[in-house]
Each structure stands twice: as structure tokens, then as C-alpha cells.
Amino acid sequence: MAVMVQKFGGTSVGSVERIQNVANRVIQTVEEGHSVVVVVSAMGKTTDTLVRLAGEISQKPSQREMDMLLSTGEQVTIALLSMALQEKGYEAVSLTGWQAGIETEKVFGNARIRNIHTDRICRLLEEGKIVIVAGFQGVVSGADEITTLGRGGSDTTAVALAAALKAEKCDIFTDVTGVFTTDPRVIDGARKLESISYDEMLEMANLGAGVLHPRAVEFAKNYGVKLEVRSSLSMESGTIVEEECTVENQLVVRGLAFEGNVTKVTVEGLQNELTTLSHLFTMLAENGINVDIIIQNVNENESMNISFSIDSNVLDDTISVLETNRHRLGYESIVHEDQLAKVSIVGSGMISNPGVAAKMFKSLADQGIMIKMVSTSEIKVSTIVDQEFMIKAIETLHDVFELDAREPVAYK
Ligand code: ADP
Ligand code: ASP
Ligand code: MG
């Protein structure tokens, strides 16, 4: 019997009524003749509430204890959904991450799934049970420690399970009807896409489109999992995420992503030597600091300035690492600029269409929006701008690249 994996996010399981609604949707799929594995998130904003609670106890809680705490959210939902299904006369079993055989690396707070032992789930499915798995959590093999997969990680649980079980499809049910050209809660004219390629979706997710966890898209791409993002509250079909979408000529840009809370750090007066860059960035990496865009400038006196962007939350750690190693790095000063945002355009069509970046820069300049940093790949252009202009920039680019003008197109 074909296995279907269905994932329901926080809003979709945010109340008893919503859990009943989820149970009904699951039953519908069972009645269509499928074996169903359901992955759920914590109810509503539970995870945020747990994070806040921890913050009231400790400014820097132990990451192990954080995972112990946060993993409880999903456990509530699996039990309640299982009860709801049982009340409706269906056999259902809830499993935590470790009971479902989800093994991760030993990285608290942001673990990657290493392996899934599917024997227990397969046995339960063969017995005709509906299996409900807690999203966002796993266990370190051998160490018997609970880990979590990073915020939004229930998507990854679902897609990884779909890959391991060779499921026919993985449905990600959420609070919007699919993947849109940009966040529909922020930009009025955002339009739902019928389909999007794995690569485009991966860029969008990495660049701030919170609708899918980036690692979920990575799994889907690597294992060819057929993914549909859709609403748990409507029967409307959603957005298919798949390998290839034939992009129409005009649809050079498929979507826009944005995220605030960016800081630009500039290390001034470094020696322009062979190993300067490697020393600087190795030091930051060894201290777990994730650097995004990097710009190198050689000054007239042959010294060098390096600018890089980071998440504003790690500014203090970054400065502390740089100051501790000032002698080794031999720089003159550090300056930083915060209240910045990253605004990106994404689309496979860019590969064969020159002038896309130029069009983006010109339209932002026409609006008086100063671009402070740029980074590109074959299918995206990202710019760093003042956070106060972030929404205006997205609205402008949505218009300029005519993202709301078109009817949804069926690609392929
Ligand atoms: P869930 O709890 O179901 O996992 P999330 O809040 O993680 O839901 O993701 C859904 C949200 O993603 C939407 O409510 C929307 O605000 C946001 N979002 C950001 N970018 C996009 C996009 N391009 N298309 C659709 N939704 C997006
Ligand atoms: N509950 C977790 C979070 O809020 C995981 C998820 O919802 O995907 O981040
Ligand atoms: Mg999510």
C-alpha cells in the first residue's frame, strides 16, 4: 500500500478544533486507501512560549536542557491527535522522535538527521495503524540524548521520513495555500505558485522564506521526494516542489525573499597577506559564527578591509572573537552597521537572462534605496539594504519583475 506522509504545522494544530480537523483530513487519506504517517508540530506558539520560559530562568540556558524542554511541545500534539483519531474509531499510535528511530548528530538545537530506522513504523503501518510522529526532534545514536532540528524543523522530519519510507508523496499542510511569490502575509500582491523547482525553493528557504525548513528542501531534492505545500483549512491544491519546472521566458524571477536583523561588520586595516582571509574566517567558524556575504577591499596603502554580514544576534560574540584575536589578526579597527536587511530575487531563468541584477539595482536606486552589499549565485541575487526600506524594496521588485501580473502557470 502506498505510504503518504502528511505534516501539519503549529497553526494547523493550534486548538482542539484544529486537531479534530487534522484528524478528519488524515482519515480522508486513509479512506482513499493509503498508509499514513503524520508528522506534527507543537500547538500554536508553544515553542515560542517555551523559549520565553527558559529565558526567564536563564540568560544562556544549556543547549541540552533547551532541547529537553522544546521537544515537549510536539509530544503534546502527537498524543492529542492520536486520541482524536482513536475517538473517531481509527487505530493510531503516537511516537516521539526516538521511538520513530530518528537518529541525529550530537548538535543540540540544530541537529541534522543522520539515519532513520524505519522498522517500527513499517511494522505499525503493516498492522494497519496510523502512525503519528513528533516533528523537530531526534535522538543521538549511542548517546541517548534528545536533540532538536532547528526552528521550523518539523518539515525536515516529514520529508526525511518520506524519503526513508519511499513514500508516494509528502504533503506539508500549513496556514497558507502554498508557496507564494513572496510572503503573502506581508505583501498584498503575492501570488501562489503552482510549482517551483527544488533549487529555487532551497534558495528561497535559505534566504528567509519561512514556509519550508531549508533542510527539508535539501532532503526532498537529494531523495527525489514529491512535495506539496498546501493549506490544512482548505481543499485547494497547493504548490508542487519538484526537480524541473520549465520557466517561461518572462518568468525570469520566480520569487522574492527577505529577512531583517542583519549586521554588517568591517574589519579595517588588515595585512594584505596570503593567509589573512583564511585566519579570519577560520577563527569565526571555529567559534560557531555563521558569516553570510563577504566583501574584500584593498586600500591604497596595501592594507585590506574585510566586510561581512551576520545575524545581528551574534554581533557581541563576533566582536568578542575578533577582539580576543586582535594581536594574531593584526587589524586596526572594527566598525559595524546594524538595522540592515537582506532582500533577494530568486529564479532559475536568471541563468540565461543577462541584466536581471542590473534591473534589480536600478529599480532600487530609482526608489532611493541604497545597496550596501551584494551576493549572487546562478539563480539568485541578494542585496543588503537598510531594514526600514525592506518592505518597500520587496514591493518595488514584485512590481518590476511583474510577479503579481500573471495567472498561475502550469509548468511542464
Ligand atoms: P507552519 O507552522 O505550518 O510550519 P510556518 O509559519 O513555519 O508554518 O510557515 C508558513 C508561513 O510562511 C506563512 O504563514 C507565511 O507568512 C510564511 N512565508 C514566508 N514566505 C512565504 C512564501 N514565499 N510563500 C508562502 N508563505 C511564506
Ligand atoms: N515547533 C518547532 C518550531 O516552532 C518546529 C516546527 O514547528 O517545525 O520551530
Ligand atoms: Mg514551519
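Residues numbered from 1 in each chain as written. Chains lettered and ligands numbered in written order. Predicted model: local features only at pLDDT ≥ 70, side-chain atom pairs only at ≥ 80, totals over all residues. Heavy atoms only, no water.

Student: So what exactly am I meant to see when it comes to the packing of aromatic side chains here?
Tutor: How two aromatic rings sit relative to each other is given by the distance of their centres and the angle of their planes. Tallied over the entire structure, the rule returns three aromatic pairs. An angle of 5° between the planes, with centres 4.5 Å apart, marks the rings of Phe8 and Phe173 as stacked. On the criterion of sequence distance, the pair formed by Phe8 in strand β1 (residues 3–8) and Phe173 in strand β9 (residues 169–174) is long-range, its members being 165 residues apart. Measuring from centroid to centroid gives 5.8 Å for Phe219 and Tyr223, while their planes differ by 20°, and the two rings are stacked. Here the residue Phe219 and the residue Tyr223 both occupy positions in helix α7 (residues 214–223), the gap between them amounting to four residues, near one helical turn. (Phe/Tyr/Trp six-rings, centres within 6.5 Å; stacked < 30°, edge-to-face > 60°. Helix = DSSP H or I, 4+ residues; strand = E, 2+ residues; numbered from the N terminus.)

Student: In this structure, what is going on with the site of ligand 1? I would like to understand it.
Tutor: Around ligand 1 sit 18 residues in total, of which Thr174, Asp175, Phe180, Asp183 and Arg185 are the nearest. The separation between an oxygen atom of ligand 1 and a polar side-chain atom of Lys7 is 3.0 Å. Asp175 is positioned with one of its side-chain polar atoms (N or O) 2.9 Å from an oxygen atom of ligand 1. Taken by itself ligand 1 offers 570 Å² of open surface, and the protein chains cover 82% of this. In terms of residue class, the shell around ligand 1 is built from eight nonpolar, six polar and four charged. (Near = heavy atom within 4 Å. Polar contact = N/O pair within 3.5 Å; in protein donor to acceptor, adjacent residues only side chain to side chain. Areas by Shrake-Rupley, 256 points an atom, 1.4 Å probe, with all protein chains shown as cover. Nonpolar A, V, L, I, M, F, W, Y, C, P; charged D, E, K, R; others polar.)

Student: What am I meant to see in the site of ligand 2 here?
Tutor: If you check the shell around ligand 2, you find Ser41, Ala42, Thr47, Glu74, Phe136, Arg151, Gly152, Gly153 and Ser154 and nothing else. Within the backbone of Gly153, a nitrogen or oxygen atom sits 3.4 Å from an oxygen atom of ligand 2. One of the backbone nitrogen or oxygen atoms of Ser154 is found 3.0 Å away from an oxygen atom of ligand 2. For ligand 2, the accessible surface in isolation is 260 Å², of which the surrounding protein chains cover 87%. When the residues that make up the shell around ligand 2 are grouped by side-chain class, the tally is two nonpolar, five polar and two charged.

Student: What's the story with the packing of helix α11 (residues 356–366) against helix α12 (residues 390–400) in this structure? I'm lost.
Tutor: The axes of two packed helices give the description: the angle between them and the distance between them. Contact pair α11 / α12: the axes reach a minimum separation of 10 Å and the direction vectors enclose 130°. Regarding the angle of α11 to α12, the classification is oblique. Both α11 and α12 take part in a crossing whose hand is right-handed. Contacts between α11 and α12 involve Lys359, Met360, Ser363 and Leu364 from the former and Ala393, Thr396, Leu397 and Val400 from the latter. Within the contact of α11 with α12, the residues separate by chemical class into five nonpolar, two polar and one charged. (Axes fitted to C-alpha atoms, helices over the stretch in contact; angles between N-to-C directions. Parallel < 35°, antiparallel > 145°, perpendicular 65-115°, else oblique. Left-handed = near helix turned anticlockwise from the far one by under 90°. Contact = heavy atoms within 4.5 Å.)

Student: Would you mind going over the side chain of Arg230 with me for this structure?
Tutor: Structurally, the position occupied by Arg230 is in strand β11 (residues 227–231). When its relative accessible area of 13% is taken as the criterion, Arg230 is described as buried. Ignoring sequence-local partners within four residues, the contact set of Arg230 consists of Arg25, Lys169, Asp171, Ile172, Phe173, Thr174, Val176, Thr177, Met235, Glu236 and Gly238. (Buried < 20%, exposed > 50% of the residue type's maximum accessible area, 1.4 Å probe, protein only.)

Student: Honestly, the nonpolar core in this entry has me stumped. Any pointers?
Tutor: When a protein is soluble and globular, its nonpolar side chains tend to lie buried together. Of all hydrophobic cores here, the largest spans 47 residues; its most connected members are Val37, Ile121, Val133, Val159, Cys170, Met201 and Leu227. When residues in this core are grouped by element, the largest group, six residues, is from helix α5 (residues 154–164). Beyond its immediate stretch of four places on either side in the chain, Val37 contacts Val3, Met4, Val5, Gln6, Ile121, Leu125, Val131, Val133, Leu161 and Leu165. Phe258, Ala341, Val343 and Val356 belong to the second-largest nonpolar core, a separate cluster that totals 21 residues. (Core = buried A, V, L, I, M, F, W, Y, C linked by side-chain atoms within 4.5 Å.)

Student: Looking at this model, I keep getting lost on the sheet that holds β9. Mind explaining?
Tutor: Within a sheet, each strand pairs with its neighbour through backbone hydrogen bonds, oriented either parallel or antiparallel. On the basis of which strands lie adjacent, the open sheet formed by eight strands has the order β3-β6-β2-β1-β9-β11-β12-β10 and mixed pairing. Pairing within the sheet leaves two strands with one partner each, and these edge strands are β3 (92–95) and β10 (195–197). Direction aside, neighbouring strands of the sheet carry axes that sit 20° apart on average. In this structure, β10 lies alongside strand β12 (residues 239–242), joined through three bridges in parallel fashion. If you follow Ser197 over to β12, its bridge partner there is Glu242. (Pairing = 2+ DSSP bridges.)

Student: Help me out: how do you make sense of the pattern of salt bridges in this one?
Tutor: When charged atoms on two side chains of opposite charge get close, those side chains can pair. Counted according to the given criterion, the structure contains 20 salt bridges. Between Lys169 and Glu228 there is a salt bridge, with the nearest N and O atoms lying 2.6 Å from each other. Residue Lys169 is found in strand β9, and its partner Glu228 is found in strand β11; the two are separated by 59 residues along the sequence. Accessibility classification places Lys169 together with Glu228 in one group, the buried group. Taken together, the shared-partner salt bridges connect Lys169, Asp171, Glu228 and Arg230 into one network. (Salt bridge = Lys/Arg side-chain N within 4 Å of Asp/Glu carboxyl O.)

Student: Sorry, what's going on with unusual backbone geometry here?
Tutor: Residues other than glycine predominantly adopt negative phi, and peptide bonds predominantly adopt the trans conformation. A positive phi angle, close to 75°, is found at Phe136, a residue other than glycine. For Phe136, a relative accessible area of 4% puts it in the buried group. With a phi angle near 75°, Glu302 is a residue other than glycine that sits in the positive phi range. Along the chain, Glu302 falls in the loop between β14 (294–298) and β15 (304–311).

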